[in-house]
Amino acid sequence: MGHDYGLYWLKQRRDEEGARTWSRQAVDESWSQAHGLTLADLDSDGVMEVVTGKRRYAHNGKDPGGKEELIICAYRYDKSASKFTREVLSEGGEVGAGHYPIVVDIDADGDMDVVLPGKSGLYLLRRRAR
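Notes on the structure in this doc start here.

The rules behind each value
Residues numbered from 1 in each chain as written. Predicted model: local features only at pLDDT ≥ 70, side-chain atom pairs only at ≥ 80, totals over all residues. Heavy atoms only, no water. Helix = DSSP H or I, 4+ residues; strand = E, 2+ residues; numbered from the N terminus. Buried < 20%, exposed > 50% of the residue type's maximum accessible area, 1.4 Å probe, protein only. Contact = heavy atoms within 4.5 Å. Pairing = 2+ DSSP bridges. Axes fitted to C-alpha atoms, helices over the stretch in contact; angles between N-to-C directions. Salt bridge = Lys/Arg side-chain N within 4 Å of Asp/Glu carboxyl O. Phe/Tyr/Trp six-rings, centres within 6.5 Å; stacked < 30°, edge-to-face > 60°. Lys NZ or Arg CZ within 6 Å of the ring centre and 35° of its normal.

## Re the environment of histidine 59
Point 1. Secondary-structure assignment places histidine 59 in the loop between β4 (49-54) and β5 (71-78).
Point 2. Histidine 59 gets classed as partly exposed once you look at its relative accessible area, which sits at 43%.
Point 3. As for histidine 59 and glutamate 94, which are separated by 35 residues in sequence, their C-alpha atoms are 17 Å apart.
Point 4. The contacts of histidine 59, once residues within four sequence positions are left out, are His3 and Gln33.

Right, here's the structure in full:
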């Protein structure tokens, strides 16, 4: 919901006649204006995370939650629990997401970093190997 609260995914099923059906599943409904997401293995464990964040003033602050704090998150899907868990990468301040977050080892230190271009500026979230 790029201009409202909620990050969702669509679950595909088949009904009794074999026709496809789709149901909306919540990932996170606690913040608004999720923009630009990408899939990346942030921690090099072979499992992809969804990386996304709140865009600064998507409609000049007029959307629901438009003036609330910015947040950047990574979400990991847990198959056994059938749900996503959230890791906050940045919250508050000026770091927001635009349309095209990029995950790359920009400093060649062996871990993945997040580059975030957007209305609030251009930001680099550097991850440190654990």
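Following the structure, the description resumes.
## Looking at the sheet that holds strand β8 (residues 113-118)
Point 1. Across the sheet, which stays open at both edges, the three strands sit in the order β7-β8-β9 with antiparallel pairing between neighbours. The open sheet is flanked by β7 (102-104) and β9 (121-125), the only strands paired with a single partner. Averaged over all pairs of adjacent strands, the angle between strand axes in this sheet comes to 15 degrees, irrespective of strand direction.
Point 2. Relative to β9, β8 is paired through five bridges, and the arrangement is antiparallel. Bridge assignment links leucine 116 to a residue of β9, and that residue is tyrosine 123.

## Some thoughts on the pattern of salt bridges
Point 1. Scanning the entire structure with this criterion turns up seven salt bridges.
Point 2. Between glutamate 94 and arginine 56 there is a salt bridge, with the nearest N and O atoms lying 3.1 Å from each other. Here the residue glutamate 94 occupies a position in the loop between β6 (83-91) and β7, and arginine 56 occupies one in the loop between β4 and β5, the gap between them amounting to 38 residues.
Point 3. The exposure class assigned to glutamate 94 is partly exposed, which follows from its relative accessible area of 45%.
Point 4. Judged by relative accessible area, which is 16%, arginine 56 ranks as buried.
Point 5. Salt bridges sharing partners connect three or more residues here, namely Asp43, Asp45, Glu49 and Arg76.

## Side note on the packing of aromatic side chains
Point 1. With the rule as written, the count across this model stands at three aromatic pairs.
Point 2. For the pair tryptophan 9 and phenylalanine 84, a centre-to-centre distance of 6.4 Å together with 65 degrees between the ring planes defines the contact as edge-to-face. Taken as a pair, tryptophan 9 in strand β1 (residues 5-14) and phenylalanine 84 in strand β6 lie far apart in primary sequence, 75 residues in all.
Point 3. Connected via pairs of aromatic rings, a cluster forms that spans Trp9, Tyr77 and Phe84.
Point 4. Its end group placed over the ring of tyrosine 8, arginine 24 keeps NZ or CZ at 4.0 Å from the ring centre.
Point 5. Stacked on the ring of tyrosine 57, the Lys or Arg arginine 56 has its end atom at 5.2 Å from the ring centre.

## Description of the environment of tryptophan 22
Point 1. When you line up the elements, tryptophan 22 lands in strand β2 (residues 20-32).
Point 2. Separated by 12 residues in sequence, tryptophan 22 and leucine 10 have C-alpha atoms that sit 5.9 Å apart.
Point 3. For tryptophan 22, the contacting residues outside a window of four places in its chain are Leu10, Lys11 and Gln12.

## What about the pairing of β2?
Point 1. As paired elements, β1 and β2 share nine bridges and run antiparallel to each other. Bridging across to β2, tyrosine 8 finds its partner in alanine 26.
Point 2. Here β1 folds back onto β2 in antiparallel fashion, the turn holding five residues, of which glycine 18 has a positive phi close to 90 degrees.

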